[in-house]
Structure formats: structure tokens, C-alpha cells
Amino acid sequence: MFQSFFPKPKLFFLSAAAWALAAVLIWYGFANELGATLGFGTDPEGPPPIDLRYFITPSFLWFYTYYAFFTICFGGFWWVFSRDHRWHLWSVWGSSLIIFMTYFSVQVSVAINNWRRPFGDTLQNALEGDKGVVANDFYVLMLMFAQIATLSMGMFVLNRFFVSHYIFRWRTAMNDYYVEKWKNVRHIEGASQRIQEDTMRFASIMEGLGVSMIDAVMTLIAFLPVLFALSSYVETLPIVGAIPAPLFTAAILWSLFGTVLLAVVGIKLPGLEFHNQRVEAAYRKELVYGEDHEHRAQPLTLTELFGNVRRNYFRLYFHYLYFNLARGFYIQADNLFTYFILVPTIVAGTITYGIVQQILTAFGQVSNSFQYLVNSWSTIIELLSIYKRLKGFEVSIAERENMSPEELAAMLEAQEAKL
């Protein structure tokens, strides 16, 4: 699955995680302040721009340079270390490009969130009868939003287009890897299904799940500082009272609660989903053998095998019953949680409508990112099931490659005898 596309997967992912963590810590530690020293200038004082100028401020230009430097260093190392790897260009440099495009898309969301404050305050002032607000104020703000929204749509389309090609290259790498070993693979039970169906489903799920995971991480990196800054407008929370960085703290605790809750109530689902694939495969295999052998696929055998399928499905239905119940309660509570913690501040009248809109959006972005496992749990379960099957497939390939010709022949004769 991984060694076909990535050079030395374990070392690659460990080094990528360590390098990314170092880059983030250095940036937030001191590097983000170095831009002015290196000649990039400083951002204008006051609120950030709420149009396309937001993306060409000195701090952004410095960030682009910083990201490019770390990417070139990492990619250059792997170019030297594994230059003979066929998929190096896509797996190393393609991954870096996807991360950058995802982060930039998240920054577009930050820009839209910055826009919400002046628009909300202008709307509030107009509704209160402020004669200083004129129609042109709204038209200008709407034009700014249109600029950012157009950029957002463009980034979304380009990102999805590139990711689709990236994932299909990954599937191609897996397909070529297995097909090259077809001599040892063709006699493995379900080999054709592993190569065609499972690689296709693995690629399809990774296209959505992988992008959403990167998006969740990038959203946290971008919106946590925003939420921390917005915490200055909230002094107390219901029940607990005053705590440091209340919005920031509440978002983390609430999201961790949801993640742990769903992980606990859904702990049996991955194993059941994997077992479901096994009983379905056993039933399907007997039917396939029955097409060519009269003594196979007898009614009693099929009844027994389908009984296994039915029992496992009924167990899945039961466990999904309370899992979906817990998930539903949490999602509905999440819809009101931000308003709940803002009640004392709203009643005190210390924030404007525009700030409320900013807080709701930022809190929702951070909360949804922390709830990645909650929102993607069913898909993750399916991916784990596919991973287990492909992993078992690769183990079988390795075992056959380590057999002597005599041992392999004896094993194939035993399989033929079973038929």
C-alpha cells in the first residue's frame, strides 16, 4: 500500500512528521517575527485587510518563502536519498503541494471570517438606525466578499483536481506493485478482488479522508490563534466562571469529550466491519466455486454461510444503534454549545454582532477540526477494514516469495485438492 508509492514509508512519514513539527514550532517560536529583519517589512497596524490584499501582506510573503525553504530542504534530502524511486515526484513534492494548497484554502476561510466582523457590525448599526451607514457600505463589503469567494472556489477546484490525480497515481503504484508479483499472487484467495476492488476503494477513501485530515490539521494551525485572540472578548463561561482563554479552552475540552465519547461507544465497530468482509468473502467464494464444480455451493453450505453473514449484520445494526444515538446527541448539543458558553457575554452586552459571528465561525472551525474522528468515524472504519485485507494480502505475498519451489508446489496441490 505505502511502499509502492512512498520511498521507505516508515522513515519517510516519521521524518515528514518531525520536519513539519519542527517547522511549526520554529515559526510560532520566533521565525514569524524574522520577516521584518530579513527585509519583508511589517504588516500595517490595525485590523487585517478583508480583501485580496490579505494574501500579499509582508507576513504572508515571508510565510511563502519560509514554507518553500523547508519544502526544498525536505524534498532535496529525499531526492538524494531515494532518487531511483519511480513515484518520488508525486509522493514527495506532490504531498508538499497538497499541504500548501490546503493551508492556503484554510487561510481563505480566515479571510472570510475577518470579513464577517465589519459586515456584521455594519448590519447591526444599520438595523439600529445609524444614519451614518449607507447602501454603498454594504456594496463595498459584498464586493470584497465576492473577491475572496472567487479565490476560494478557484482553490477548491484546483486542489480537488490535483488530489484526484495524486490519488490515482497512488492507486497505479499499488496496482503495478501487485501485478509485477502476479506469478506469486494469482493463487492467493481473492487476489483479483484485492488488486482491483480494494485498491480502488482504498484510493477513493484516501482521496476524501486524507484531504479532510490535512484540512483539519491546517485549520487548527490557522484558527487556534484566531480563537485565542477572540477569547479576550469573553470574560466568563456558564457554570465554571472565569478561566484563562475561555473560548480556546472550551473548544479543546468539548472536542476532546466528543472524540473520546464516540471512540468508546464505537470501539467494537472496526472489528465487526472487518469480520463482515470475511463472512461476505466466504459466501461469495463458495458461490464462485459452485459455478465450476457441481459438488460445491450446496444448499446446506450456502445456508450456513449466509447465516454467518446475517448474524454479523445484525450485530452491526445493534452496535450502530447506540453509536448513532450517542453521535446524534453530541452533534445536536454541538449546534448550541457555542451560544451556550457566550450567554453571559451576550447578556452583558460587551460584544457586537460582528464579533459574535467571528466567534461562532472560528469556534466551529476549531471544534470541527478536533472532531475529525467523530465526523469521519464510519469512513475510518471502512478504511481500516480495507487496510487489514490488503495487509493480509501482502503478508501472503511475502510468505510465498520466501517459499522454495517445492514448498510452493505442495501448497498449490493442497489448494487444488480442496476444490
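Residues numbered from 1 in each chain as written. Predicted model: local features only at pLDDT ≥ 70, side-chain atom pairs only at ≥ 80, totals over all residues. Heavy atoms only, no water.

The name an unreviewed UniProt entry gives the protein is Peptide antibiotic transporter SbmA, with Roseibium sediminicola as the organism.

**A few points about unusual backbone geometry**
Rules: The helix count covers DSSP runs of H or I at least four residues long, the strand count covers runs of E at least two residues long, and both are numbered beginning at the N terminus. Categorising residues by exposure relies on relative accessible area from a 1.4 Å probe, with only protein chains included: less than 20% of the type maximum marks a residue as buried, more than 50% marks it as exposed, and the intermediate range marks it as partly exposed.
Here K8, not a glycine, exhibits a phi torsion of approximately 45°, which is positive. By the secondary structure assignment, K8 is in the segment before helix 1 (9-29). Its identity is not glycine, yet I239 carries a phi of approximately 70°, on the positive side. Along the chain, I239 falls in the loop between helix 7 (191-230) and helix 8 (246-265). On the basis of relative accessibility, which here comes to 82%, the residue I239 falls in the exposed class.

**With respect to the UniProt feature "transmembrane region" (unreviewed entry) in the protein**
Heads up, the condition is: UniProt positions are given in the numbering used here, feature names are shortened, and annotations may be inferred rather than shown by experiment.
The UniProt feature table records "transmembrane region" (unreviewed entry) at residues 55-80, 92-112, 138-162, 209-233, 245-267 and 336-356. Here residues 92-112 runs as 100% helix and 0% strand, with 31 Å between its end C-alpha atoms. With 87% helix and 0% strand, residues 245-267 has its two end C-alpha atoms placed 33 Å apart.

**Digging into the packing of helix 4 (residues 88-127) against helix 11 (residues 353-370)**
Short version of the rule: Axis geometry follows a simple rule: fit a line to the C-alpha atoms, using only the stretch in contact for helices, then measure angles between N-to-C directions, giving values from 0 to 180 degrees. Should an angle fall under 35 degrees it is taken as roughly parallel, and over 145 as roughly antiparallel, whereas 65 to 115 is taken as roughly perpendicular and any remaining angle as oblique. Working rule for handedness: look at the near helix, and if it is turned counterclockwise from the far one by less than a right angle, call the crossing left-handed; if clockwise, right-handed. Contact between two residues is taken to exist if any of their heavy atoms lie within 4.5 Å; hydrogens are not considered. Here the nonpolar group is Ala, Val, Leu, Ile, Met, Phe, Trp, Tyr, Cys and Pro; Asp, Glu, Lys and Arg are the charged ones; every other residue, Gly included, is treated as polar.
Put simply, helix 4 and helix 11 touch, their axes get as near as 6 Å, and they point 155° apart. Here helix 11 runs roughly antiparallel to helix 4, going by the angle between their axes. Pair helix 4 / helix 11 crosses with right-handed handedness. Counted together, S109, N113, N114, R116, R117, G120, D121, L123 and Q124 of helix 4 and Y353, G354, I355, Q357, Q358, T361, A362 and Q365 of helix 11 form the full contact between these two elements. Among the residues forming the contact of helix 4 with helix 11, the class breakdown is 4 nonpolar, 10 polar and 3 charged.

**Regarding the packing of aromatic side chains**
Selection criterion: Each Phe, Tyr or Trp ring (for Trp, its six-membered ring) is paired with any other whose centre lies within 6.5 Å, and the angle between the two planes then decides the class: stacked below 30 degrees, edge-to-face above 60, tilted in between.
All told, the structure shown has 52 aromatic pairs when counted by the stated rule. Ring geometry for Y64 versus F104: centroids 6.5 Å apart, planes at 40°, classification tilted. With Y64 in helix 3 (residues 58-81) and F104 in helix 4, this residue pair connects regions lying 40 residues apart in the sequence. For F104, a relative accessible area of 13% corresponds to the buried category. Centroid distance W78 to F81: 5.4 Å. Interplanar angle 85°. Geometry classified as edge-to-face. Here F81 and W78 lie together in helix 3, a separation of 3 residues that amounts to about one turn. Taking the relative accessible area as the measure of exposure, F81 reaches 38% and is therefore partly exposed.

**Looking at the side chain of T219**
For the record, the criterion: Polar contacts here mean pairs of N or O atoms no more than 3.5 Å apart (in protein, one a potential hydrogen donor and the other a potential acceptor; neighbouring residues in sequence count only if both atoms are side-chain atoms).
Examined against the element boundaries, T219 turns out to sit in helix 7. Exposure remark for T219: the relative accessible area of 2% places this residue in the buried category. Engagement of the side chain of T219 in a polar contact is seen with the backbone oxygen of D215, the distance being 2.6 Å. Those residues in contact with T219 that sit more than four places away from it in its chain are V106, L224, Q365 and S369.

**Notes on the nonpolar core**
How we decide: As used here, the term nonpolar core means buried Ala, Val, Leu, Ile, Met, Phe, Trp, Tyr and Cys residues forming a set that is joined through side-chain atoms within 4.5 Å.
Ranked by size, the top nonpolar core spans 80 residues in total, and within it W170, Y178, F202, F223, L247 and I341 carry the most contacts. In terms of residue count, the dominant contributor to this core is helix 7 (17 residues).

**Description of the pattern of salt bridges**
We count it as follows: Note on definitions: salt bridges are taken to be side-chain nitrogens of Lys or Arg within 4 Å of carboxyl oxygens of Asp or Glu.
Counting across every chain of the model gives 3 salt bridges. Across the pair D176 and R86 runs a salt bridge, and its minimum N-O distance is 3.0 Å. Pair noted here: D176 is in helix 5 (residues 135-180) and R86 is in the loop between helix 3 and helix 4, with a separation of 90 residues, a long-range link. Overall, the relative accessible area of 58% leaves R86 in the exposed class. Of the charged contacts, one joins R296 and E286 as a salt bridge, the two residues approaching to 2.7 Å between their closest N and O atoms. Taken together, the residues R296 in the loop between helix 9 (269-292) and helix 10 (299-348) and E286 in helix 9 connect sequence positions 10 residues apart. With respect to burial, R296 and E286 carry one shared label: buried.

**Quick notes on the packing of helix 7 against helix 11**
One can describe the packing of helix 7 onto helix 11 by two numbers: an axis separation of 9 Å at closest approach and a directional angle of 140°. In terms of their interaxial angle, helix 7 and helix 11 are classed as oblique. Once helix 7 is placed against helix 11, the crossing between them reads as left-handed. Here helix 7 contributes A216, T219, L220, F223, L224, V226, L227 and L230 to the contact with helix 11, which in turn contributes Q358, I359, A362, F363, Q365, V366, S369 and F370.

**Concerning the environment of V264**
Tracing the sequence through the fold places V264 in helix 8. Between the alpha carbons of V264 and F323 there is a distance of 9.2 Å; along the sequence they are 59 residues apart.

**Considering the environment of A229**
Secondary-structure assignment places A229 in helix 7. It is 9.2 Å that separates the C-alpha atoms of A229 and L247, two residues lying 18 residues apart in sequence.

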